[in-house]
Amino acid sequence: WNERPTIMERQPSDILLKAVLRTLFTVIDYLKQKLLDRSAYGCRQKEAQVSADAGLFDRAIAIYEESAKQDASDASKKFNVKDALFRAGLCRLANGDLIGAKKAIEAYPNIDPSFGNSREFKLLTSLLEAIEEHDPDAFTAAVEEFERINSIDDWKVNLIYKAKQSIDAEPSLA
């Protein structure tokens, strides 16, 4: 996993990402006015993804957590909750606010009780622990363990890479 090429080199420029976000805002507003909720929902998810790509993690987190809470109460969308919480958790780790990340990730099973038993939750908590302990080996082992069963798409790999950089950036006191 350490040898995997970074996605950072393939990321579009910040100017392009901000232009995409402005366009998405316009489309979302239009769709909401026309009461096309399904299309607006998809655009909101894309907005969150592009926001995270642009480093606007707080915006992405708010969208994913809001989506998870709304979807948890809608039987037809309940299957989206785990992915929204996982994405929010990865954004929190990439953002570098460990205290906020820990509180939020620990609260995610309150939104969806099944999330607390999921592989995604286990990965988030393992990554958080590795970051707190400044243990890059534990971080890598947790990702490799997850990847034995679940593949991780490039977008999530990018967030995991950003989270891992916080271990490299902070010297260990041990």
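Because the structure is a prediction, the values reported are computed rather than measured. (Residues numbered from 1 in each chain as written. Predicted model: local features only at pLDDT ≥ 70, side-chain atom pairs only at ≥ 80, totals over all residues. Heavy atoms only, no water.)

A. Quick look at the pattern of salt bridges. Summed over all chains, the structure comprises 10 salt bridges. Of the charged contacts in the structure, one is a salt bridge between Arg44 and Glu66, with a shortest N-O distance of 3.5 Å. Of this pair, Arg44 sits in helix H2 (residues 37-53) while Glu66 is found in helix H3 (residues 57-72), placing the two residues 22 residues apart along the sequence. Under the relative-accessibility criterion, Glu66 is labelled partly exposed at 38%. The partner of Asp83 in a salt bridge is Arg87, and the shortest N-O contact between them spans 2.8 Å. Placement of both Asp83 and Arg87 in helix H4 (residues 81-95) is noted, with a separation of 4 residues, approximately one turn of the helix. You can call Asp83 partly exposed: its relative accessible area is 33%. Judged by its relative accessible area of 13%, Arg87 is buried. (Salt bridge = Lys/Arg side-chain N within 4 Å of Asp/Glu carboxyl O. Helix = DSSP H or I, 4+ residues; strand = E, 2+ residues; numbered from the N terminus. Buried < 20%, exposed > 50% of the residue type's maximum accessible area, 1.4 Å probe, protein only.)

B. Quick peek at the nonpolar core. Membership of the largest hydrophobic core comes to 42 residues, with the highest contact counts inside it found for Cys91, Leu93, Tyr108, Leu127, Phe139 and Leu159. Elements with a contribution of two residues or more to this core: H2, H3, H4, helix H5 (98-111), helix H6 (119-132), helix H7 (136-147) and helix H8 (154-169). The leading source of residues in this core is H4, at 9 residues. Within the second largest apolar cluster, 6 residues are counted, among which are Leu17, Leu21, Leu24 and Ala54. (Core = buried A, V, L, I, M, F, W, Y, C linked by side-chain atoms within 4.5 Å.)

C. A look at the packing of aromatic side chains. Going through the model one piece at a time under the given rule, you end up with 4 aromatic pairs. Between Phe115 and Phe121, the ring centres sit 5.7 Å apart and the planes meet at 75°, which makes this aromatic pair edge-to-face. In this structure, Phe115 and Phe121 share a single accessibility class: buried. Through successive ring pairs, a cluster of aromatic residues spans Tyr108, Phe115 and Phe121. (Phe/Tyr/Trp six-rings, centres within 6.5 Å; stacked < 30°, edge-to-face > 60°.)

D. Expanded view of the environment of Arg92. Among the structural elements, Arg92 can be located in helix H4. Residue class for Arg92 comes out buried when judged on its relative accessible area of 19%. Sequence separation between Arg92 and Lys102 is 10 residues; the distance between their C-alpha atoms is 8.8 Å.

These figures capture arrangement, not role.
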